[in-house]
Amino acid sequence: MNDRVEAGASQQPAAEPSPWNIPNALTVLRIIMVPLFLVLLLTDGGNDVTLRWWALVVFLLAMFTDFVDGYLARRNNLITNFGKIADPIADKSLMAAALIGLAIIAELPWWVPVIILVREFGITVLRFFMIRIAVMPASRGGKIKTVMQTAAIGLFLVVFPLSDVAPSVVSDILLVVAWVIMAAAIVVTIVTGVDYCVQAAKLYKDAKNGNGGDGPSAGDTQTGGDTQRG
């Protein structure tokens, strides 16, 4: 009888970790960094070289915390409901701030943030809607898209302050490279967005026909995990 009790107890789902942990603290820190980054980027119309260097530092540090909090959450099983919600909010907010900020100071045309952000927030809403039916995991293209967007934004951020300390040809080359990467990121962004819509339509059709609907599990959506980065 004791064996049965112990066996039954072992089959009970593990309790969710406390939300008071380092990965969630890093996620909150990243959210706090967003307005700081914008202030540094936009002060004096983006023409203060020193503040532009600091804006780049804050952006890169925020992106680093994104990697670290996801790694720690997965390695130490610190995935929480708070992290599942806050992590994508932090990621999208930082990316939106960078794109919109660069457009405000006229270092990016407005159509770039419009295309990327409509896709990003549209797919985020779609995935939250579809989570009642099935989890839509991030594709390899989604991960590549995120890396490309981060690299392109980082290069756009560094071009102006670098022009103050390096020959103009260096800044010109970096600007060309930034545009090449950004163009590739936009293409991947659109293609993966269409792919998510196709996936969602198929999942919805299968669920309507009674062929799907296992629903999400606790490990399907992670703080900084693959399922959040589409």
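Residues numbered from 1 in each chain as written. Predicted model: local features only at pLDDT ≥ 70, side-chain atom pairs only at ≥ 80, totals over all residues. Heavy atoms only, no water.

Looking at an unreviewed UniProt entry, the protein chain carries the name CDP-diacylglycerol--glycerol-3-phosphate 3-phosphatidyltransferase, with the source organism given as Brevibacterium linens. Of the protein chain, the UniProt comment under Subcellular location (unreviewed entry) reads exactly: "Membrane". Entered under Sequence similarities (unreviewed entry) in the UniProt record, the comment concerning the protein chain runs "Belongs to the CDP-alcohol phosphatidyltransferase class-I family." (UniProt positions renumbered as here; feature names shortened; annotations may be inferred.)

1. Regarding the overall build of the protein chain
Of regular secondary structure, the protein chain possesses seven helices and zero strands. Counting from the amino terminus, the protein chain carries its helices and strands in the arrangement α-α-α-α-α-α-α. Long-range contacts, defined here as pairs at least 24 residues apart, represent 81% of the contacts in the protein chain between residues at least 6 apart. For the protein chain, the exposed surface amounts to about 12200 Å²; the carbon and sulfur share of it is 69%. (Helix = DSSP H or I, 4+ residues; strand = E, 2+ residues; numbered from the N terminus. Contact = heavy atoms within 4.5 Å. Areas by Shrake-Rupley, 256 points an atom, 1.4 Å probe, with all protein chains shown as cover.)

2. Section: the packing of helix H3 (residues 49-75) against helix H6 (residues 140-162)
When two helices pack together, their arrangement is captured by the angle between the axes and the distance separating the axes. At a closest axis distance of 8 Å, the pairing of H3 and H6 adopts a crossing angle of 160 degrees. In terms of orientation, H3 lies roughly antiparallel with respect to H6. For the pair H3 and H6, the crossing hand works out as left-handed. Each of Val49, Arg52, Trp53, Leu56, Phe59 and Met63 in H3 lies in contact with H6, whose residues at this interface are Thr150, Ile153, Gly154, Phe156, Leu157, Val158, Phe160, Pro161 and Leu162. (Axes fitted to C-alpha atoms, helices over the stretch in contact; angles between N-to-C directions. Parallel < 35°, antiparallel > 145°, perpendicular 65-115°, else oblique. Left-handed = near helix turned anticlockwise from the far one by under 90°.)

3. Concerning unusual backbone geometry
With phi around 60 degrees, Asp44 is a residue other than glycine that occupies positive phi space. Topologically, Asp44 is positioned in the loop between helix H2 (22-42) and H3. Residue class for Asp44 comes out exposed when judged on its relative accessible area of 53%. Non-glycine residue Ala106 carries a positive phi angle of around 65 degrees. Look at Ala106 and you get exposed, because its relative accessible area is 66%. (Buried < 20%, exposed > 50% of the residue type's maximum accessible area, 1.4 Å probe, protein only.)

4. Thoughts on the packing of H2 against helix H4 (residues 81-104)
Where H2 meets H4, the closest approach of the two axes is 9 Å, and the angle between their N-to-C directions is 10 degrees. One finds that H2 runs roughly parallel with respect to H4.

5. Section: the pattern of salt bridges
For the structure shown, the criterion picks out nine salt bridges. Here Arg30 and Asp69 are joined by a salt bridge, their closest N and O atoms 2.7 Å apart. Placement of the pair is Arg30 in helix H2 and Asp69 in helix H3, with a sequence separation of 39 residues. In this structure Asp69 comes out as buried when scored by relative accessible area, which is 0%. Note that Lys145 and Glu120 form a salt bridge whose closest N and O atoms lie 2.9 Å from each other. Of the two residues, Lys145 is situated in helix H6 and Glu120 in helix H5 (residues 111-130); the sequence distance between them amounts to 25 residues. Neither residue differs from the other here; Lys145 and Glu120 are each classed as buried. (Salt bridge = Lys/Arg side-chain N within 4 Å of Asp/Glu carboxyl O.)

6. Some words on the environment of Ile89
Counting through the fold element by element, Ile89 comes out in helix H4. With 35 residues separating them along the chain, Ile89 and Thr124 place their C-alpha atoms 9.5 Å apart.

7. A word on the nonpolar core
Ranked by size, the top nonpolar core spans 33 residues in total, and within it Phe37, Phe59, Leu99, Ile153, Leu157 and Met182 carry the most contacts. Of all the elements in the fold, those that place two or more residues in this core are H2, H3, H4, H5, H6 and helix H7 (168-208). With residues near it in sequence (within four places) discarded, Met182 still touches Leu99, Leu108, Val112, Ile116, Ala152, Ile153 and Phe156. (Core = buried A, V, L, I, M, F, W, Y, C linked by side-chain atoms within 4.5 Å.)

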